[in-house]
Amino acid sequence: WCRGIVLTSDKNYAPTTNTAMLFLPASIVNPGFEDDKDGNGVPDGWEVKTCAGTPEFAYDDEVRQGGKRSASITNDDLKDVGIWRQRTRLKPNTRYEFVVRVKGENIAGDRGARVQIWYKDENGKSINPEYCSGSLIGTFDWRRVVHRFTTPSGTVAGYFGLVFLRATGKVW
């Protein structure tokens, strides 16, 4: 799902498709949802968050993109809001890029699926969320989402994730 996050302080940075996308200190653990060493059904490094309703989270070894597994969220009601997310360290005023692949099935509603970053300060307070993919609606095969962003002042960490809200259907 997530190929990685790249960290650079070069304002003229222009990666190519061959660019290595994972550099420390910003890193996504288990970006392809491959590992679940404790067998709890939640990929290592990731967490699920139910914000409203009863979204269904799944660890899928049949529908996948380039690996052994993927993770999905299914919403049966427009009131369902679910998030697959991971916290990672970020630096303030720093340019990053991430590349992910997202697949949708019968996504209908006014918001849909979104790739999102939630910035956090040193006290854990939210600074600004950033929607990175726009609303993903409909049925579509694996879609590549690339997003470049610069972290706000005061950012020390962030949650990176896939949010599914005010929509029905399934997203991987």
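In case you missed it, the structure is sitting above this.
These notes cover the structure that comes with them. (Residues numbered from 1 in each chain as written. Predicted model: local features only at pLDDT ≥ 70, side-chain atom pairs only at ≥ 80, totals over all residues. Heavy atoms only, no water.)

1. Some remarks on the pattern of salt bridges
Within this structure, the stated rule accounts for four salt bridges. As a salt-bridge pair, Arg85 and Glu47 come within 2.7 Å of each other at their nearest N and O atoms. Placement of Arg85 in strand 5 (residues 81–89) and of Glu47 in strand 2 (residues 47–52) is noted, with a sequence separation of 38 residues between them. Assessed through its relative accessible area of 32%, Glu47 is described here as partly exposed. A salt bridge links Asp141 to Lys103, with the nearest nitrogen and oxygen atoms 3.7 Å apart. In this pair, Asp141 sits in strand 8 (residues 138–150) while Lys103 sits in strand 6 (residues 95–120), placing the two residues 38 residues apart along the sequence. (Salt bridge = Lys/Arg side-chain N within 4 Å of Asp/Glu carboxyl O. Helix = DSSP H or I, 4+ residues; strand = E, 2+ residues; numbered from the N terminus. Buried < 20%, exposed > 50% of the residue type's maximum accessible area, 1.4 Å probe, protein only.)

2. Here's the deal with the packing of aromatic side chains
Enumeration according to the criterion identifies seven aromatic pairs in this entry. Considering the side-chain rings of Phe57 and Trp84, the 5.8 Å spacing of their centres and the 90° angle between planes classify their relative orientation as edge-to-face. Of this pair, Phe57 sits in strand 3 (residues 56–60) while Trp84 sits in strand 5, placing them 27 residues apart in sequence. Of the residues examined, Phe57 reaches a relative accessible area of 22% and is grouped as partly exposed. The class of Trp84 is buried, set by a relative accessible area of 2%. (Phe/Tyr/Trp six-rings, centres within 6.5 Å; stacked < 30°, edge-to-face > 60°.)

3. Structural notes on the nonpolar core
Among the nonpolar cores identified, the biggest contains 26 residues, and Phe98, Val102, Val115, Phe160 and Val171 are the most heavily contacted of them. Elements represented by at least two residues in this core include exactly strand 4 (70–75), strand 6, strand 8 and strand 9 (157–171). No other element matches the nine residues that strand 6 contributes to this core. Contacts of Val171, omitting those with residues within four sequence positions, involve Ala71, Ser72, Ile73, Val102, Lys103, Ile107, Ala113, Leu162 and Phe164. If you look at the next biggest cluster of nonpolar residues, it comprises six residues, including Trp118, Tyr159, Val163 and Leu165. (Core = buried A, V, L, I, M, F, W, Y, C linked by side-chain atoms within 4.5 Å. Contact = heavy atoms within 4.5 Å.)

4. Considerations on the side chain of Asp60
The topology assignment puts Asp60 in strand 3. Here Asp60 is buried and forms no salt bridge, its nearest opposite-charge partner Lys170 lying at an N-O distance of 4.5 Å. (Lys, Arg positive; Asp, Glu negative; His and termini not counted.)

5. Considering the pairing of strand 9
Judged by how many residues are buried, strand 9 sits mostly within the fold: twelve of 15 residues are covered. Bridge analysis of strand 4 against strand 9 gives three bridges, and the strand direction is antiparallel. Paired with Asn75 across the two strands is Gly169, which belongs to strand 9. Strand direction decides the pairing type here: strand 5 and strand 9, joined by nine bridges, are antiparallel. (Pairing = 2+ DSSP bridges.)

6. Examining the pairing of strand 6
As judged from the ten bridges shared by strand 6 and strand 8, these two strands associate in the antiparallel manner. Its bridge partner lying in strand 8, Val99 is registered against Val146. The pairing of strand 6 with strand 9 spans 13 bridges and is antiparallel. Across the sheet, Ala108 pairs through a bridge with Thr168, a residue of strand 9. For strand 6 and strand 7 (residues 126–131), the ladder comprises four bridges, and the chain directions are antiparallel. What sits directly across from Ile117, in strand 7, is Glu130. In this antiparallel pair of consecutive strands, strand 6 and strand 7, the connection spans five residues, and Gly124 shows a positive phi of 85°.

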